[in-house]
Amino acid sequence: MALLMDTKRRQMLKAGLLGTGAIAFGDPLQLLTANNDVGLSSKSLRILILGGTGFLGPHMVSEALKRGHDVTLFNRGQTNKALFPDLETLIGDRNNGLDTLNGHNWDVAIDNSGYVPRHVRDSARLLAPVTSHYIYTSTVSAYASLAKPINEDAPLAKITDESIENVTNETYGPLKALCEKKAAEEFGENRLSILRPTYVAGPGDHTDRYTYWLARTLLGGEMVWPGKPENMIQIIDVRDLAKFTIDVAEKNIIGTFNTVTPAGTFTMGDLLNDSLAVTDAEMIPVWIDYEFIQAQGNIDEDAFPIWIPPISEYAGAALVSGERAVAQGLWNRPTRETARDTVAWWRTLPSERTENLRAGLGLELEKKLLMAKTTSG
């Protein structure tokens, strides 16, 4: 099924932070759960966050404030303006609108919103003389290949025309790799940290790639699950990513780090069990294998988010090593906790949001697949 292969490849290119700049429905401040094992930092840092009001941003801001740091936001001021009313917010645009950053200095700049190399280059160039440490949030999609298990030393994707600024399914990963390069050119390797997350999950997930499985489970009845229960997958809880980022800032941890759940520890079967446990729903899983999916015709790229088809091109896609980050303090909470808190957040959203999932199979197509599965025996 060529279309499924092509669209699943595009979905993999979008893994990680693609789209985290858009705000989730609901009040993100209500999503940030306390982490009592973290106290005030011994040194208060002046932290600039480029963005700060999307999916990852609010969790990161909350974590930094909880530790006693001084946070400044830089964004266009168009999204969720009332989210952090007491914080200094510099209004500007990364597309030739960085003037409000002039005349300031920071200990750390955290870049969550850099998708275009020129934007990253311009902000890094302006900040390099007045900022000690630059933290760039990239993605595992920056790697050239996910065919084998990889670590941070694997080759990165390249783009033939480096002037391209149109972020598409195909250019996303290569552009993020080029963004990393531009940040390194301005800050040097001794003042730069690069974080490469996989699928980001948890409260506030506006992509619904992870949330789909929980939200659909809530509806009950027969539910299609692709592949096999033992198929490996990887995520990162948004709060664990935020916590590690502030750790990197506080400890001045330099280098490149994959931020993922440990390779080989989380499966589709685990996701199913988490979904059932935290929803208490009367859902009946119906597993359909890869060959059956191939035989069904056109399947949208987000029909089975997070699941990785068992073919050689993606053999290592859910086996990305996070050992380097763990050695520096990355802690992954139990996936069931991520599921529990995501469901709690989902239940606070208005019906017009929860009735329109942004990823997943869709009820009509699911019915057709279930019928086809029954017919085929």
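Thresholds, definitions, all that
- Residues numbered from 1 in each chain as written.
- Predicted model: local features only at pLDDT ≥ 70, side-chain atom pairs only at ≥ 80, totals over all residues.
- Heavy atoms only, no water.
- Phe/Tyr/Trp six-rings, centres within 6.5 Å; stacked < 30°, edge-to-face > 60°.
- Lys NZ or Arg CZ within 6 Å of the ring centre and 35° of its normal.
- Helix = DSSP H or I, 4+ residues; strand = E, 2+ residues; numbered from the N terminus.
- Contact = heavy atoms within 4.5 Å.
- Axes fitted to C-alpha atoms, helices over the stretch in contact; angles between N-to-C directions.
- Parallel < 35°, antiparallel > 145°, perpendicular 65-115°, else oblique.
- Left-handed = near helix turned anticlockwise from the far one by under 90°.
- Nonpolar A, V, L, I, M, F, W, Y, C, P; charged D, E, K, R; others polar.
- Buried < 20%, exposed > 50% of the residue type's maximum accessible area, 1.4 Å probe, protein only.
- pLDDT = per-residue confidence, 0-100.

**Student:** Would you explain the packing of aromatic side chains in this entry?
**Tutor:** Think of a pair of aromatic rings as described by two things: how far the centres are apart, and how the planes are tilted against each other in angle. As enumerated under the stated definition, the model contains eight aromatic pairs in all. Members of the aromatic cluster, joined through ring pairs, are Y212, W213, W225 and W287. The ring of F292 carries the charged tip of K373 above its face, separated from the ring centre by 5.4 Å.

**Student:** What is the right way to read the environment of R216 from this model?
**Tutor:** Mapped onto the elements of the fold, R216 is located in helix α5 (residues 211-219). Not counting chain neighbours up to four residues away, the residues in contact with R216 comprise E222, M223, L363 and E366.

**Student:** Help me out: how do you make sense of the packing of helix α2 (residues 56-66) against helix α6 (residues 238-251) in this one?
**Tutor:** For any two helices packed against each other, the geometry is given by the interaxial angle and the distance between the axes. Contact geometry for α2 and α6: axes closest at 9 Å, N-to-C directions at 50°. The pairing of α2 with α6 is recorded here as oblique in orientation. Helix-helix and strand crossings are classified by hand; for α2 and α6 the assignment is right-handed. Facing L56, H59, M60, E63 and A64 of α2, the residues of α6 in contact are V238, R239, L241, A242, K243, T245 and I246. When grouped by side-chain class, the residues that make up the contact of α2 with α6 number seven nonpolar, two polar and three charged.

**Student:** I keep staring at α5 and nothing clicks. Help me out?
**Tutor:** An α-helical turn contains 3.6 residues, so any two residues separated by three or four positions project in the same direction. Most of α5 is tucked away: seven of the nine residues are buried. For α5, the complete set of buried residues consists of T211, Y212, W213, L214, A215, R216 and T217. Against the buried residues of α5 lie β8 (221-226), α7 (268-279), β11 (283-288), α10 (335-346) and α12 (363-376).

**Student:** What is the right way to read the confidence of the model for the protein chain from this model?
**Tutor:** Fine structural detail should not be taken from predicted coordinates in areas where pLDDT scores are low. Residues of the protein chain with pLDDT of at least 70 account for 88%, and the chain-wide mean is 89. Here residues 1-10 is a poorly scored stretch, pLDDT under 50, and it has 27 contacts once near neighbours within four places are set aside; other chains count. Under a pLDDT of 50 for its full length, residues 12-37 has, in the predicted model, 90 contacts with residues more than four places off or in other chains.

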